[in-house]
Amino acid sequence: MPTTFWGRVLMLLDGYSMSFLRGAGVTMAIALVGTFIGCVIGFAVGIVQTIPVSKSDNIVKRIILKIIHFVLAAYVEIFRGTPMMAQAMFIYFGSAAVFHINMSMWFAAFFIVSINTGAYMAETVRGGILSIDPGQTEGAKAIGMNHFQTMVNVIMPQALRNIMPQIGNNLIINIKDTCVLSIIGTVELFYTTNGVAGAKYLYFESFTIAMVIYFILTFTCSRILRWWEGKLDGPDNFDLATTDTLKHTSGMYKYPSGTKEEED
Amino acid sequence: MAEKILEIRHLSKTFGKNVVLRDIDFSVCPGDVTCIIGASGSGKSTLLRCINFLEEPTAGDIVYHGRNLMEDRMNEASYRAKVGMVFQSFNLFNNMTVLKNCMVGQMKVLKKDKETAKKNAMYYLEKVGMAPYINAKPRQLSGGQKQRVAIARALAMEPEVLLFDEPTSALDPQMVGEVLAVMRKLAEEGLTMMIVTHEMAFARDVSNHVVYMANGVIVEEGEPKQIFGNSQNPQTKEFLSRFVKG
């Protein structure tokens, strides 16, 4: 056993680097997939929750919408309002005990993270939709788009840009919070580290390594997302689609002159 | 008289207890250029928004080609594709380029293929003098340019009637000029238009029908010559006295 701290860290890395890497991989996989599916859920819930209900709609449609809205609101409130660790225990062991569904550990992990992220994202997406100028919706309606077309083509792309920082936030939270899944036996980074630490009885050294890995993961993700945000904004300049750049296309009309002036 | 495209009968609109429109009657025939004038708050914009069902009218009939839409509601989306609208605040889609703005409605609503939509969009962008700017995003354009793109976007849907809701109110005088020039050209080409405007000279020179509104009712309507030159109605005279005849 090396006598210095760094010596012991190196020894752990030497013996267990593959385990750490595999743990980090599982953590990233769950966080990425969970965030992605969570976003999809969030967008779907957001679109449905913003369907306008007008008095001229028939009664059946209004009742169905009411019920759907209630169910979605309940989903959001319940999953936001209870700890993910408790949900993990409840879903993983509860599904086996009550419904005799033998969930695989992987499925349970993805399911729990996705559905949690979805509940948070639903509210984020709703906020994103509300942040878009109502004029955009009117513009889309005025050329005959229905609610779904308006949402998909006009509102969501803009809302997505506005909530990108929040999606990044969620991804980082998920990278860190997957560690609660160790309670149902998911072999991710925290579980791996705990095992290594226990085997060698080197807790401080093992978790130093884990902390560094977690930080590298979250920091890299936040930088990548920041870069992507910049890309979504598009370039600041544009090319005029004409060969004659000296030709002006505005300010050549006179009014009121009464005479027609054709633009050339 | 040609067949009426739109006929508005006894239309009224209330917001809570606030009556905004009262018993509005008028009709639009093909080729009509109708200007609606009046003080702010007289219900002009609300009237236009009711015609497009952006606001739900409280009572009355909106008859489109003989079909009463208040009783027998056709698909709102396909109606709006026929009765287009241009807004005071442009409402271009900020996430799309100029070209995309003019194509998306044709592709999603009219189900045209990409090539046809593009050709059509270019034709109308050419008409409003914005063809060189197809790659620009709305935030890179001036107000007048945005409004001309918005007009092209509405035209690309090939509507029967185009509603203009104060299209020049957010613009400086030079931009007002460019937008009005485009609208004047459209009028000369026979497009049916309904225009809410404060540009009196435009209303007088370009329209063939002027409607003066105050406090939610139509006070007077008729040919521009009569309204601007020879109005007998004291309210109309009072309103127009502020407009220096040029």
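So, how was this worked out
- Residues numbered from 1 in each chain as written.
- Chains lettered and ligands numbered in written order.
- Predicted model: local features only at pLDDT ≥ 70, side-chain atom pairs only at ≥ 80, totals over all residues.
- Heavy atoms only, no water.
- Helix = DSSP H or I, 4+ residues; strand = E, 2+ residues; numbered from the N terminus.
- Rg over C-alpha atoms; globule rule 2.2 N^0.38 Å.
- Buried < 20%, exposed > 50% of the residue type's maximum accessible area, 1.4 Å probe, protein only.
- Contact = heavy atoms within 4.5 Å.
- Areas by Shrake-Rupley, 256 points an atom, 1.4 Å probe, with all protein chains shown as cover.
- Lys, Arg positive; Asp, Glu negative; His and termini not counted.
- Charge placed at Lys NZ, Arg CZ, Asp CG, Glu CD.
- Expected span 1.5 Å × (residues − 1).
- Bend = angle between axes of the 7 residues up to and from the residue.
- Polar contact = N/O pair within 3.5 Å; in protein donor to acceptor, adjacent residues only side chain to side chain.
- Buried area = accessible area lost by both parts, 1.4 Å probe.
- Salt bridge = Lys/Arg side-chain N within 4 Å of Asp/Glu carboxyl O.
- Axes fitted to C-alpha atoms, helices over the stretch in contact; angles between N-to-C directions.
- Parallel < 35°, antiparallel > 145°, perpendicular 65-115°, else oblique.
- Left-handed = near helix turned anticlockwise from the far one by under 90°.
- Pairing = 2+ DSSP bridges.
- pLDDT = per-residue confidence, 0-100.

### Concerning the overall build of chain B
- Across its full length, chain B carries nine helices and 10 strands.
- Relative to the compact-globule value of 18 Å for 246 residues, chain B shows a C-alpha radius of gyration of 18 Å, a close match.
- Expressed as lengths along the three principal axes of its C-alpha atoms, the size of chain B is roughly 55 × 45 × 40 Å.
- Per-residue burial for chain B yields a buried fraction of 60% across its 246 residues.
- Considering only contacts within chain B whose residues lie at least 6 apart along the sequence, 65% involve residues at least 24 apart.
- Of the accessible surface of chain B, which amounts to about 9,900 Å², a share of 49% is contributed by carbon and sulfur atoms.
- Computed over 31 positive and 28 negative side-chain charges, the separation of the two mean positions in chain B equals 7 Å.

### Some points on helix H1 (residues 5-49) of chain A
Residues and elements named next belong to chain A.
- The first and last C-alpha atoms of H1 sit only 55 Å apart over 45 residues, clearly below the 66 Å expected at 1.5 Å per residue.
- A maximum bend of about 75° is found in H1 at Tyr-16.
- For H1, the N-terminal cap is Thr-4; the gap from its side-chain oxygen to the backbone nitrogen of Gly-7 is 3.1 Å.

### Structural notes on the interface of chain B and chain A
- Across the contact, 50 residues belong to chain B and 36 residues belong to chain A.
- In total, about 3,400 Å² of surface goes out of reach between chain B and chain A, with carbon and sulfur atoms giving 54% of it.
- For the interface between chain B and chain A, the tally reads one salt bridge.
- A salt bridge links Glu138(A) to Arg49(B); the shortest N-O distance between them is 2.6 Å.

### Re the packing of helix H7 (residues 189-200) of chain A against helix H8 (residues 203-233) of chain A
Residue and element names in this part refer to chain A.
- Between H7 and H8, the least distance of the axes is 8 Å, while the angle of their chain directions is 160°. Relative to H8, the element H7 lies roughly antiparallel. Every pair of crossing elements has a handedness; the one defined by H7 and H8 is right-handed. Counting all contacts with H7, which are made through Leu-189, Phe-190, Thr-193, Asn-194, Val-196, Ala-197 and Gly-198, the residues of H8 involved are Tyr-203, Ser-206, Phe-207, Ala-210, Ile-213 and Tyr-214.

### Quick word on the environment of Leu48(B)
Residue and element names in this part refer to chain B.
- Along the polypeptide, Leu-48 turns up in helix H1 (residues 44-51).
- Separated by 37 residues in the primary sequence, Leu-48 and Met-85 have C-alpha atoms spaced 8.7 Å apart.
- Excluding residues that lie within four positions of it along the chain, Leu-48 makes contacts with Ile-36, Met-85, Leu-163, Phe-164, Asp-165, Met-194 and Val-196.

### Points about the sheet that holds strand S3 (residues 33-38) of chain B
Residues and elements named next belong to chain B.
- Taken in spatial order, the six strands of this open sheet run S6-S7-S8-S3-S9-S10, and their pairing is mixed. The open sheet is flanked by strand S6 (83-86) and strand S10 (217-222), the only strands paired with a single partner. Averaged over all pairs of adjacent strands, the angle between strand axes in this sheet comes to 20°, irrespective of strand direction.
- The pairing of S6 with strand S7 (residues 161-165) spans four bridges and is parallel. Each residue of the ladder has a partner; that of Val-86, found in S7, is Phe-164.

### Some points on the confidence of the model for chain A
All names here are of chain A.
- Put simply, chain A has an average pLDDT of 85, and 89% of its residues get 70 or more.
- Mean pLDDT across the elements of chain A bottoms out in helix H3 (residues 84-99) (87) and peaks in helix H5 (residues 134-142) (92).
- Per-residue pLDDT stays below 50 along residues 248-264; that stretch engages in 37 contacts with residues further than four places along the chain or on separate chains.

### Things to note about helix H6 (residues 173-188) of chain B
Residue and element names in this part refer to chain B.
- Taking 1.5 Å of rise per residue, 16 residues should cover 22 Å, and H6 covers 22 Å from first to last C-alpha, within 8% of that figure.
- Where burial is concerned, most of H6 is hidden: 13 out of the 16 residues are buried.
- For H6, the N-terminal capping position is held by Asp-172, with its side-chain oxygen 3.0 Å away from the main-chain nitrogen of Gln-174.
- Following H6 by one or two positions, Gly-190 has its phi on the positive side, about 95°.

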